[in-house]
Each structure stands twice: as structure tokens, then as C-alpha cells.
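Notes for the structure review
If you want the building blocks of each chain, they are given just below.
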Amino acid sequence: MASAEGTAAAGTAAAPAPEPASPPGAGDGPAVAATGALGLTDLPGELLELILCCRSLGAADLGHVACTCRRLRELCQGGGNVWRRQFRERWPSLLKYYSHTEGVNWLEEYKARQNAGLEARRMVASFSKRFFSEHVPCNGFSDIEDLGCPGHFFEDELMSILNMEGRKALTWKYYAKKILYFLRQQKILKNLKAFLQRPEDHESFLEGAVLIDQYCNPLADICLKDIQSQVESITDQVRKVLRGKNCRHPSLAFKAGGAMITESELQSQVLEAINCVLYDQLKYRGNRMDYYNALNLYIHQVLGRRTGIPISLSVLYLTIARQLGVRLEPVNFPSHFLLRWCQGIEGSQDIFDYIYIDAFGRGKQLTVKECEYLIGHHVTEEFYGVVSSKKVLQRMVGNLLSLGKRESTDQSYQLLRDSLDLYLAMYPDHVQHLLLQARLYFHLGIWPEKVLDILQHIQTLDPSQHGAVGYLVQHTLEHIERKKEEVGLEVKHRSEEKHRDVCYSIGLIMKHKRYGYNCVIYGWDPTCMMGHEWIRNMNVHSLPHGHHQPFYNVLVEDGSCRYAAQVSSDQIEQLHRRFKQLSGNQLTIRTRRTQLTWMATRQSSWAFNHSSLQTDMFASKENFNNIPDLELNPIRSKIIRAFFDNRNLRKAPNGLADEINFEDFLTIMSYFRPIETNMDEEQLEHCRKEKLRFLFHMYDSDSDGRITLEEYRNVVEELLSGNPHIEKESARSIADGAMMEAASVCVGQMQPDQVYEGITFDDFLKIWQGIDIETKMHVRFLNMETIALCH
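Here's what I pulled together on the structure shown here.

Conventions we followed
Residues numbered from 1 in each chain as written. Predicted model: local features only at pLDDT ≥ 70, side-chain atom pairs only at ≥ 80, totals over all residues. Heavy atoms only, no water. Helix = DSSP H or I, 4+ residues; strand = E, 2+ residues; numbered from the N terminus. Polar contact = N/O pair within 3.5 Å; in protein donor to acceptor, adjacent residues only side chain to side chain. Contact = heavy atoms within 4.5 Å. Pairing = 2+ DSSP bridges. Axes fitted to C-alpha atoms, helices over the stretch in contact; angles between N-to-C directions. Core = buried A, V, L, I, M, F, W, Y, C linked by side-chain atoms within 4.5 Å. Buried < 20%, exposed > 50% of the residue type's maximum accessible area, 1.4 Å probe, protein only. Parallel < 35°, antiparallel > 145°, perpendicular 65-115°, else oblique. Nonpolar A, V, L, I, M, F, W, Y, C, P; charged D, E, K, R; others polar. Salt bridge = Lys/Arg side-chain N within 4 Å of Asp/Glu carboxyl O. Left-handed = near helix turned anticlockwise from the far one by under 90°. Phe/Tyr/Trp six-rings, centres within 6.5 Å; stacked < 30°, edge-to-face > 60°. Lys NZ or Arg CZ within 6 Å of the ring centre and 35° of its normal.

**Regarding the side chain of Arg 239**
- Within the fold, Arg 239 resides in helix H9 (residues 224-245).
- A distance of 2.6 Å separates a polar atom in the side chain of Arg 239 from a polar atom in the side chain of Asp 236.
- For Arg 239, the contacting residues outside a window of four places in its chain are Glu 232, Ser 251, Leu 252, Phe 254, Gln 323 and Leu 324.

Written out as C-alpha cells, the structure reads:
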């Protein structure tokens, strides 16, 4: 049995530190050896403290030391350096929460963090048992809303579970991610509501954008201070440019809260310097190539990728200008967000007293007429008016809502759910969005009780919606009733024809072939019955036969429940033999040896017991270089590189692994999974995208998400290097022509000054549209040998 998940979280937290109390009969004075020699406690206090801060001493050791005598107990006081060092060594990431370390009882903090860790692990384990085969319901988190410990301690333990090595403890990671997602989003929603209650003159456009970013990316490390620091760094570069033009410019000494600069000429110098730094030096640009991408709205991505859409770039531009004393105002212009710069009396209602700035168009300054040319039609004066920060956030969330509705690949509709939460936090009585939220949950088949609450609220707000509300209420109640009926045991017989692929029965004791844990089968399904989200998170699609194979409910020896796939052991063994043969069995062999035993027993009688030895083998690039079939391949280096690309190994967004093990090898081979006749449209599309993503990574050598002209030239030159009749210059011309054709397919008619910056993955999908990659890139198992069929 191979599984889509790993072992439960290995290694529990260390035992809590014992209370430092003296045992009966312990002396309070310094210990002196019977021979008259000096004892440990006769050493100077600084040296003793240095010894106690040694990394080899754990919390339990310090507790025991503190019980020996008064002097050591005093050195191990909770507020001293010894426990501070112990806390810092164990949880260094938590020190950022202690701006002032004076007066902190580090022993109490250590015990609080320790207890929070134990509670987090207990809760994650319980989630596995309570909500294993369904989405976690909305009331599933009721017992973690009041944690009884600092929230950052609890979150830190959840992050430690998520950061466990490799593919271990996937079930724990799955639920730890859900809990962490919930906790952080609840905290961010509270911060957003507090932000919206502030007076308008105290609201920050940048802070609002960060809150939206944090809510949609709760697992990312997005901090307002870090974002402000990055923006301040850009502002400093603008000051440097200003200083070179006017060393007495008032913006150089401007402080937040000071009087804004009113002289137009000085303001103009600031805007010119901003344009110089943002667009010429730092190369910020409007993302015309991939406009409808949610990353363009997340401010940390805008700063990292240096690209965005009009509203996100406008927030950045406006923030920098205000930090330099120039008042720019946001304009909720249709189809293209703008900023306005007053040229007349401040606060003027005349739209012609303003210059309009297009942050998406390199800071170009526009007149009213040019604004209309920008969108292609006339608009009334009201669209040139200034808007509040709340309206700016509403537009940003509205853009995310539109993208969430367009998203077809994410079957959990996470972006749509998150953007609806944000919108309803700002406008809790918006009937149409409440109705959309109810329909979404109803469509996903989750949280029926919450759906009824939403529908009741809609009926109170707008009785005219009784038709739509009544329909959803009726079907939601039917769904709840069906769930109640399904509580009873379902009787399934392996002897039935439709269950002929189920090899193992309830009661068998098994040993997992990949992860080595012992377990007992207590249930099975003819195919995977988990939801799309679980299947995607557990990477079930990478298994042979994907989720179209029997899955088993198993109780593991550590008390956790798992859901494991039945994969043909013959195929795994064939691939394992091939992995060993890649370099003539000369792969690097690690020292650990594992007994792989399939054990099956019922009523204490052995059914079968097949043993084999498996060693942990690791292959390097040199092993692949020695494969005879690759020696004459002109793109051998790129093929080999693909096996070690962290993106293909699903380990990191960039970089190369030094070596791969058999599990990594299986991950790469999963890209060559053949199409099966029982796949539905969604699975076919997923399989196709994964194959094309693998090919895309072969071209995109710098992992920036774009195939540049230079990268494409390198591939073409390598492919044609074996042809003596084609010179290098001819190969470059072929590559240039192909890139121009790709630009015409993906962008259409380009402006004379528009530069095609490269092929994104979405462009790559368009280019390959209509080409049958599914049957051209696969592996078949023939005559018990693995044969690669890749054209």
C-alpha cells in the first residue's frame, strides 16, 4: 500500500521544565569536594552563567541544576540570562515579540510556549480523527477560539508542524494549515474592522492594502513594518535623486505630520524624481502581459516582482509622494485607477484644476481629455472625484472578487471565499454578496448551518429575495437530512464486482511500504472519497492511477488515523529497479537500512509475510550524465537539470537539489503519468497542465516565471548544435522568429514602444493549445520493464 500522506508528526515537544525547588536535605552553601578542592559553585558567577548557557543543557537539565543549592537556583532565576538563552535557542523566531526584555520571566514564558506546543499538537491530532473525510465545518474551530495561551505561541507550533522535513506527517500538516489559516484570518479581520473605524485622516492606504494582502495570504510572512521599510527604502532613493537636483529641497527634511509642500515647481521636482527611481532605476512597470493575476494586487508581491495593476501601483506611488510632502489623491476612475495632483486652489471642485497621474503608465501626467482617451469613452465629472481609503480597499477587494469568479482551476474557490469575507467585513449588509456567499457554500457542500444563517439574514434585509432564499433553504435542509441519514454504517462487500480492485480487507495489520509505520485497516473506499482540496494538498494526482484506486482508512500505531492509497507494488518496484540501474548500481547509499514488510493477519493467524531490504539511495547529476541514451541528446543538460529542479520536485520555488532520492524520482516520473480512460475533464486538464509546467521549467532556467528571448535562444541553439549545416546566427534567427510569433499569439497587436518581456506560463498554455501533449509525454509499463515514451 502506498500513500498520499506521511507519518504523524514525529518527535513530541520536550517535557516541561521542572520547578526550581530545593529537595530535602539540599545544602544552601557552596559545595566543596571532600578532598578540599574547589567545587563547581566556587567558580565566578559570570563563568557559571556561561556554563549554564551551554547549548548541550536542556530545560530539564536546568531544572535539576536549580534544585542543587541556593547559588545555582539564583543563577537559574526565571528573569535571568540562563532561561533567556534557553528560550532563544529553542524558539528564536519568537524574540521579535519582545521589544523590551527587561522584567520578562523567561522561565514562565518557556513553560507557556511549551504548553502551547503540546496543546497545538493535541488539537491537530484530534482534528484528524474528527474531520477526516469532510471539510472542517464552521463550528469545527470553536474550541480554538479561546486558546488560553498567547496566540503567537500556538501559531509558532503550527508553523513548526508545517516545516517538518519533506513529505512526513502530511495529515498533521493538512490540519495544521487549516487551523493556522483560520486563526490568522480571524486576527486580520479584527484588525481590518478596527482600521475601518478610524477617522479618515488617520487611515493609511498602504496599511489597508497590507491587511488585504495578509488576509488572502495568511500563511505568508507579511508584516506591515517590513512593507513600510521597503517603501521607505524607495523613498530614500528618491531623496537621493532630489538632493542631486536641489540640495535645499524641503522634501529632504520632510517629516510625517508636517506641513505639505504647496509650491507647484517643488512638487513637480518630487514627482519627476519618483518617476526616475520607480520606472527608470527600479524598473517598476504595469503588468500588461499578465493583467488578470491576483499577485498584481498583493502589495508584497508588487514590491517583490516590481509590477502590478493601476490601483496597486497607485497606492505605492501615492504613499511615496506623501512621505515626501506632496499630496496626491486617489481617483476611482472607471477601468483605470488614477491619482490626481492639484494645480489650483487646494480642495477645488473643478476637475480641470487637476493633473491626473497614471502610475500604471510610468507616472504619465494626463489632462481630463487624455483620461477619456485612456479608457475610450466620455465619463461624467463625478468619476474624477477623490475617494476615501475605504473606497480604495473596496475596489481592490472588488478586483479580487472578479478574479475569484474567473478562477476555474481552484475547486475550493479560496480566492472567491477570501474576497467575499473581506467585502462583507466592510459592507456586512450587502445582499448580493451575502447571497453569493450562501450559493458558494451550498455549491461546495460545506457549512450548511452557516448557509441557513446567511439566508435568514438576507431575508431580514430584503424580503424581495424570498424566491432565491427559499430555494436554497429547501435544498440546504435536504442536504442536512441526507447527512444525518449517512451517519449509519454503510455495508460494502469486497466480493462485489464493482469492488474487485480492493485487495485488502478490514482487520488486516499492514506496514506502510513507503513510510514504514504499522497500522490496521478499519475501512476502505473503492476510490478516494476526499474532497478536491485534500486531493490537491496531498498530491494524490502524482500517484499511479491518481485517486481512481482503492483508499484505506487505517489506524496507526501512534493513535492517528490515515487515509492511504493502494498503489500497484509491481510498478513501484519496477521504478525502483530502474532508479538503481541509472548508473550501473553505483548510486550513493546511505547508512540507514529499513525492513520493508507487508504483514497481514486476522485473528492472530498470518496471511502472508513478504520481506525485502530497501536502502536509501541518492542519485547525483553525475549519475545521470553517465546514462548512455542521453549522451547524444543535444539538450541532455536541460533534461538532467529538470530532475533536480526544486520546482519539479515541489520543494521550493527556485534552485537545484544536489541529489535526489527514490521518492524524488517518483515525483519526477509522475509528470509522465499516462492518460487513463476513466479520467474526467478536470483531471485531464490538471494532468495536461502539470506536463506543460514541467516543460516550461526546462525553458525557464532562472526560475523567474518567464521564458525570455535569451533563454529560448539557448534551447534552440542546443537543439540545433548537432546539425553542421545550421550556424549559430541562423539558430538565433529561428528563435527570434518563434518569439515574435509567440508574442502575436499571446498579446496580439503590440504598440511600437511595447516590449515583449517573455513567455509566461499562461502564454505557454496558449501556445500549446491544440497540441496533444497528454499522449506525447508519458511512461508505460510493458513486460515488467519501464519504457519512456517522450516525443
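Moving on from the coordinates now.
**Here's the deal with the sheet that holds strand E9 (residues 551-556)**
- Read across the open sheet, the four strands follow the order E7-E8-E9-E10; overall the sheet is antiparallel. Each of the sheet's edge strands pairs with one partner strand only, and the pair in question is strand E7 (509-511) and strand E10 (561-565). The sheet shows a mean angle of 45 degrees between the axes of neighbouring strands, taken without regard to direction.
- Two elements, E7 and strand E8 (residues 518-525), share three bridges in a ladder whose sense is antiparallel. Directly across from Ile 509, in E8, lies its bridge partner Val 520.

**Focus on the nonpolar core**
- Residues Ile 274 and Tyr 317 are the most contacted members of the largest nonpolar core, which totals 85 residues.
- Residues within four places of Tyr 317 in sequence aside, it is in contact with Leu 271, Ile 274, Asn 275, Leu 278, Tyr 279, Leu 328, Leu 339, Ile 357, Ala 359 and Gly 363.
- Core analysis: the second largest hydrophobic core is formed by 36 residues, Leu 630, Phe 644, Ala 657 and Met 777 among them.

**Thoughts on the sheet that holds strand E3 (residues 329-331)**
- Pairing is antiparallel in the open sheet, where four strands are placed in the order E3-E4-E5-E6. Sheet topology places E3 and strand E6 (364-366) at the edges, where each strand pairs with a single neighbour. Between one strand and the next, the sheet's axes are offset by a mean angle of 40 degrees, whatever the strand orientation.
- Relative to strand E4 (residues 338-342), E3 runs antiparallel, the two sharing three bridges. Bridge pairing in E4 links Glu 329 to Arg 340.
- The strands touched by helix H10 (residues 264-281) are E4, strand E5 (354-358) and E6; relative to E4, the strand with the most contacts, the crossing angle is about 150 degrees.

**Details of the packing of helix H7 (residues 170-196) against helix H14 (residues 389-406)**
- One can describe the packing of H7 onto H14 by two numbers: an axis separation of 10 Å at closest approach and a directional angle of 140 degrees. With respect to H14, the element H7 is oriented oblique. Together, Leu 192, Phe 195 and Leu 196 of H7 and Ser 389, Lys 390 and Leu 393 of H14 make up the contact between the two elements.
- Taken together, the residues that form the contact of H7 with H14 break down as four nonpolar, one polar and one charged.

**Some details on the pattern of salt bridges**
- A complete count under the given rule lists 20 salt bridges for this structure.
- Here Glu 119 and Arg 122 are joined by a salt bridge, their closest N and O atoms 2.5 Å apart. Here Glu 119 pairs with Arg 122, and both are found in helix H5 (residues 106-130), just three residues apart, close to one helical turn.
- A salt bridge links Asp 700 to Arg 647; the shortest N-O distance between them is 3.1 Å. Note that Asp 700 is positioned in the loop between helix H24 (681-699) and helix H25 (709-719) and Arg 647 in the loop between helix H22 (636-644) and strand E13 (659-661), a separation of 53 residues in sequence. Side by side, Asp 700 and Arg 647 carry an identical accessibility label, which is buried.

**Overview of the packing of H25 against helix H26 (residues 728-746)**
- Where H25 contacts H26, the two axes come as close as 9 Å, and the packing angle between them is 130 degrees. By the angle between their directions, the pair H25 and H26 is classed as oblique. The handedness of the crossing between H25 and H26 comes out as right-handed. Here H25 contributes Leu 709, Glu 710, Tyr 712, Arg 713, Val 716 and Glu 717 to the contact with H26, which in turn contributes Lys 728, Ala 731, Arg 732, Ile 734, Ala 735, Asp 736, Ala 738 and Met 739.

**A word on the packing of aromatic side chains**
- A complete count under the given rule lists 25 aromatic pairs for this structure.
- With 5.0 Å between their ring centres and 45 degrees between their planes, Phe 624 and Phe 643 make a pair best called tilted. Placement of Phe 624 in helix H21 (residues 621-625) and of Phe 643 in helix H22 is noted, with a sequence separation of 19 residues between them.
- Here Phe 624 falls in the buried class, since its relative accessible area comes to 3%.
- Here the aromatic rings of Phe 624 and Phe 644 are separated by 5.4 Å at their centres, their planes lie at 80 degrees, and the arrangement is edge-to-face. Linking Phe 624 in helix H21 with Phe 644 in helix H22, this pair joins segments that are 20 residues apart in sequence.
- In this structure an aromatic cluster arises from ring pairing among Trp 83, Phe 87, Trp 91, Tyr 98, Trp 106, Tyr 110 and Phe 153.
- For Lys 621, the ring lying beneath its charged end belongs to Phe 644, and the centroid distance is 4.9 Å.
- The ring of Phe 761 carries the charged tip of Arg 693 above its face, separated from the ring centre by 4.2 Å.

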